[in-house]
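Understanding the architecture of this molecule
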Amino acid sequence: MEALLIVGAGGFGRETAEAVGAVNDDKPTYELLGFLDDNPDAAGTEVDGVPVLGPISSVADHLDAKVIVSTGHPGFYFSRKRIVERLGLPPDRYATLIHPLASVGRSVEVGGGTVLLAGAVATAGVRIGSHVAVMPGAVFTHDDVIGDYATFGSGARLAGRVTVGDGAYIGSGALIRQSLTVGAWALVGLGAVVLEDVPAAEVWVGVPARRLRKVELPADLVVAP
Ligand SMILES: CC(C)(COP(=O)(O)OP(=O)(O)OC[C@H]1O[C@@H](n2cnc3c(N)ncnc32)[C@H](O)[C@@H]1OP(=O)(O)O)[C@@H](O)C(=O)NCCC(=O)NCCS
């Protein structure tokens, strides 16, 4: 059994903890030590029966534990990158968590710190980066390429050869046509049907998807063109 810490005791963190339980039911794999969370009111409490051990900095008290950063509210989906950079851990400290009810093809690559919840599907030749959050039922089809820190709401579906840039947020139930690119840190609203490339750091919504506004990026976030 490998010791594991989940950073962030919010909705996605709790879902990640449930996925850890499902993995363990299948095959005992992780000893979930608890959540780390910077909310001072959370320390010492339990969330869904899992203890909140203390602030994120207390990763330093658990040198042998693997880590998953499970934050990512749609209003602030930059947080995973910020936390990972703040922690400065080597890549091998991050666990990759795949719910036993996710379907991941043998030709699929999944990076460290990435979480695939139940019902997520990645078919053939898909490359999923590091610290990617994949909610239930999101579907990646052949040759999709997903950048680090991207987030997929439940039921988002990508046709083949789609590229999603680092940090992009694809809302629940969004559909993306084949061979398109969604730029880094772009946000695709829930239910959108994307029929053309989405530039970096823009919010697109609707059917067919149209530009709504720019993303207000934190000043310290570097966006590749
Ligand atoms: C796209 C999004 C970020 C926009 O949020 P916002 O900037 O606060 O925008 P508002 O709610 O003020 O809406 C602005 C306009 O866009 C429209 N709009 C917002 N989201 C929309 C969507 N998903 N589809 C179509 N239109 C949308 C609103 O109706 C409104 O139109 P109006 O100006 O004609 O009245 C948000 O609606 C969204 O879809 N978030 C993704 C949530 C998600 O998928 N969560 C899953 C995991 S938790």
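Cut-offs used in this document
Residues numbered from 1 in each chain as written. Predicted model: local features only at pLDDT ≥ 70, side-chain atom pairs only at ≥ 80, totals over all residues. Near = placed C-beta within 6 Å. Nonpolar A, V, L, I, M, F, W, Y, C, P; charged D, E, K, R; others polar. Pairing = 2+ DSSP bridges. Helix = DSSP H or I, 4+ residues; strand = E, 2+ residues; numbered from the N terminus. Core = buried A, V, L, I, M, F, W, Y, C linked by C-beta atoms within 7 Å. Buried ≥ 20, exposed ≤ 12 C-beta atoms within 10 Å, placed from the backbone. Domains from an automatic or database assignment. Contact = placed C-beta atoms within 7 Å. Arc of directions from axis to C-beta.

**Concerning the site of the ligand**
The ligand sits among 13 residues. The nearest are Gly-153, Gly-171, Gly-189, Leu-190 and Val-205. Taken together, the residues of the shell around the ligand break down into seven nonpolar, six polar and no charged.

**Structural notes on the sheet that holds strand E20 (residues 181-182)**
Read across the open sheet, the five strands follow the order E8-E11-E14-E17-E20; overall the sheet is parallel. Looking along the sheet, the strands with just one partner apiece sit at the ends: strand E8 (109-110) and E20. Pairing between strand E14 (residues 145-146) and strand E17 (residues 163-164): two bridges, direction parallel. Its bridge partner lying in E17, Val-145 is registered against Thr-163.

**Some words on the nonpolar core**
The tendency in soluble globular proteins is for nonpolar side chains to be buried as a group. Formed by 69 residues in total, the largest nonpolar core has its most connected members in Ile-68, Val-134, Ala-168, Ile-170, Ala-186, Val-188 and Val-194. Lining this core are residues from two domains, each supplying at least three of them: domain 1 (2-93) and domain 2 (97-214). Among all residues touching Val-188, those that are not within four sequence positions of it are Tyr-169, Ile-170, Gly-171, Ala-174, Val-182, Val-194, Val-198, Trp-204 and Ala-209.

**Re unusual backbone geometry**
For the peptide bond that leads from Val-207 to Pro-208, omega is -10°, which places it in the cis range. Structurally, Pro-208 can be placed in the loop between strand E23 (202-205) and strand E24 (210-214). The backbone phi angle of Asp-143 is positive, close to 65°, even though this residue is not glycine. One can find Asp-143 in the loop between strand E13 (139-140) and E14. Overall, Asp-143 belongs to the partly exposed group, with 17 C-beta atoms counted inside 10 Å.

**Topic: helix H2 (residues 79-87)**
Listed in full, the buried residues belonging to H2 are Arg-80, Lys-81, Ile-83 and Val-84. Take H2 and look down its axis: the buried residues cluster within an arc of 165°, on one side only. Residues Glu-85 and Arg-86 are exposed on H2 and point more than 90 degrees away from its buried face. Along its buried surface, H2 packs onto strand E1 (2-7) and strand E5 (66-69). Where H2 ends, the next residue or the one after it, Gly-88, has phi of about 60°, a positive value.

**What about the domain arrangement of the protein chain?**
For the protein chain, the assigned domains read domain 1 (2-93) and domain 2 (97-214). Relative placement of domain 1 and domain 2: their C-alpha centres are 22 Å apart. Residue assignment for the side of domain 1 that touches domain 2 shows that the elements contributing at least two residues are helix H1 (11-26), E5 and H2. A per-element tally of the side of domain 1 that touches domain 2 places H1 first, with eight residues. Of the residues in the side of domain 1 that touches domain 2, the class split is twelve nonpolar, three polar and four charged.

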